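Structure assessment
Listed below are the residues making up each chain.
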Amino acid sequence: MTHPMTTPLRRRYALQLATLGLGVGSAPHWALAQAPDAKPLRLILPVGAGSGVDAATRAVSAPLARHLGAGVVIENLPGAGGVTGTQALVRAPKDGSVLGELSNNHVVNPSVYKNLPYDSLADITPIMVIGAAPLVLVAHPSFAPRNVKEMVALAKSRPGQLNYASSGNGTIIQLAFEALKMEAGIFVTHIPYRSMGQAITDVIGNQVPMVFAAASIVQQHVRSGALKALGVGSAQRTPVLPDVPTIAEQGYHNYDLGGVIAVAGPAGLPNAEVARLHGVWRRTLEAGEGRDALIAQGYQLALMSPEASTRVFRSEVERMAKIVKAANVKLD
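1. Concerning the pairing of strand 4 (residues 98-102)
In terms of burial, strand 4 is largely enclosed, as five of its five residues are buried. Going residue by residue along strand 4, you find Val-98, Gly-100 and Leu-102 tucked away on one face and Leu-99 and Glu-101 tucked away on the opposite face as well. As judged from the three bridges shared by strand 2 (residues 41-45) and strand 4, these two strands associate in the parallel manner. By the bridge assignment, Arg-42 is partnered in strand 4 with Val-98. Sheet topology note: the strand 4/strand 10 (residues 258-266) ladder contains three bridges and is antiparallel. Its bridge partner lying in strand 10, Gly-100 is registered against Ala-264.

2. Thoughts on the side chain of Lys-228
Along the polypeptide, Lys-228 turns up in strand 9 (residues 228-232). It turns out Lys-228 is buried and unbridged, and the closest side chain with the opposite charge, Glu-150, is 6.8 Å from it. Reaching out from Lys-228, the side chain makes a polar contact with the backbone oxygen of Pro-145 at a distance of 3.0 Å. Sequence-distant contacts of Lys-228, defined by excluding residues within four places in its chain, comprise Leu-137, Val-138, Ala-139, His-140, Pro-141, Phe-143, Ala-144, Pro-145 and Arg-146.

3. Side note on the packing of aromatic side chains
What the rule picks out here adds up to three aromatic pairs. Centre to centre, the rings of Tyr-164 and Phe-177 are 4.1 Å apart; their planes meet at 5°, and the pair counts as stacked. With Tyr-164 in strand 6 (residues 163-166) and Phe-177 in helix 6 (residues 172-184), the pair connects residues that are 13 residues apart, well separated along the chain. A relative accessible area of 0% places Tyr-164 in the buried class. Taking the relative accessible area as the measure of exposure, Phe-177 reaches 0% and is therefore buried. By the ring-pair criterion, three or more aromatic residues cluster together here, those being Tyr-164, Phe-177, Phe-212 and Tyr-255.

4. What about the pattern of salt bridges?
Within this structure, the stated rule accounts for ten salt bridges. Between Arg-42 and Glu-75 there is a salt bridge; the shortest N-O distance is 2.6 Å. Residue Arg-42 is found in strand 2, and its partner Glu-75 is found in strand 3 (residues 72-76); the two are separated by 33 residues along the sequence. Across the pair Glu-289 and Arg-66 runs a salt bridge whose closest N-O atoms are separated by 2.3 Å. One end of the pair, Glu-289, is in helix 10 (residues 288-296); the other, Arg-66, is in helix 2 (residues 52-68), with 223 residues separating them in the sequence. Overall, Glu-289 belongs to the partly exposed group, its relative accessible area being 43%. Its relative accessible area of 39% is what places Arg-66 among the partly exposed residues.

Conventions used here
Residues numbered from 1 in each chain as written. Predicted model: local features only at pLDDT ≥ 70, side-chain atom pairs only at ≥ 80, totals over all residues. Heavy atoms only, no water. Buried < 20%, exposed > 50% of the residue type's maximum accessible area, 1.4 Å probe, protein only. Helix = DSSP H or I, 4+ residues; strand = E, 2+ residues; numbered from the N terminus. Pairing = 2+ DSSP bridges. Lys, Arg positive; Asp, Glu negative; His and termini not counted. Salt bridge = Lys/Arg side-chain N within 4 Å of Asp/Glu carboxyl O. Polar contact = N/O pair within 3.5 Å; in protein donor to acceptor, adjacent residues only side chain to side chain. Contact = heavy atoms within 4.5 Å. Phe/Tyr/Trp six-rings, centres within 6.5 Å; stacked < 30°, edge-to-face > 60°.

So, in structure tokens, the structure goes:
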């Protein structure tokens, strides 16, 4: 059965990518030479420490500050699947001094929350869809299955007895596994955590056997042997873990789901300010340190225009609504 997540990521995002994300405790990064009248840029990350969005944001903060000519202050505001941080973003001044790095959760939330305190489309101004990153299903080394195919076989022999972790109810991390459950016809119990970092820590500690996570934040754990990778969720293998086969390669041909990253401001940003900020981000990521940092984490860069990014947000809200309905994902 064809699932709404199934279009290969590379082809789907050749013309349109999608969404936003980033995070870690508040910590300033200052430009080497600030313009005399430049105000620091506050970057809100609606996720906690240990997420792929957080790692990506911090990797590009120094070159971003240099191109901006001002300080960059990163502020993590996790909670409620990104709602807490996004609410702070939509209430921010409409002068370009505050932006947000939003993950897939931003376009999932309209389908899983009955009463969001903002409109996910009308209350933001997309600046740039930066790119996409693969998710990897990882497990504790003692977990018997060596790959997704073996995990599915075990799950079918023990329905409901296996567990998987996520960064919370209704998050893209939960949806990634729910999509796999539908694709493979298995029943595995969901164990939600408050953050990606906590979920990964408990998988490493063997409190729960497996979790989907961004390749950028688990690659070192896989290389060290603290975790083992069962399969890559995107349509193609990731260069940061080139020996790990995709889930599609293992027989689940329709499976394709990854994380994406983008930057946005509150609604009502002047067009000139949108153009200026887009230019700053493009210069930061087109070449050099910023681009290399994201590619090293496995990101497939898109660097989309504000107009294209706006279309992607709209289409992703619709696509995720279909996925949430098909998986019957509900918040407690």
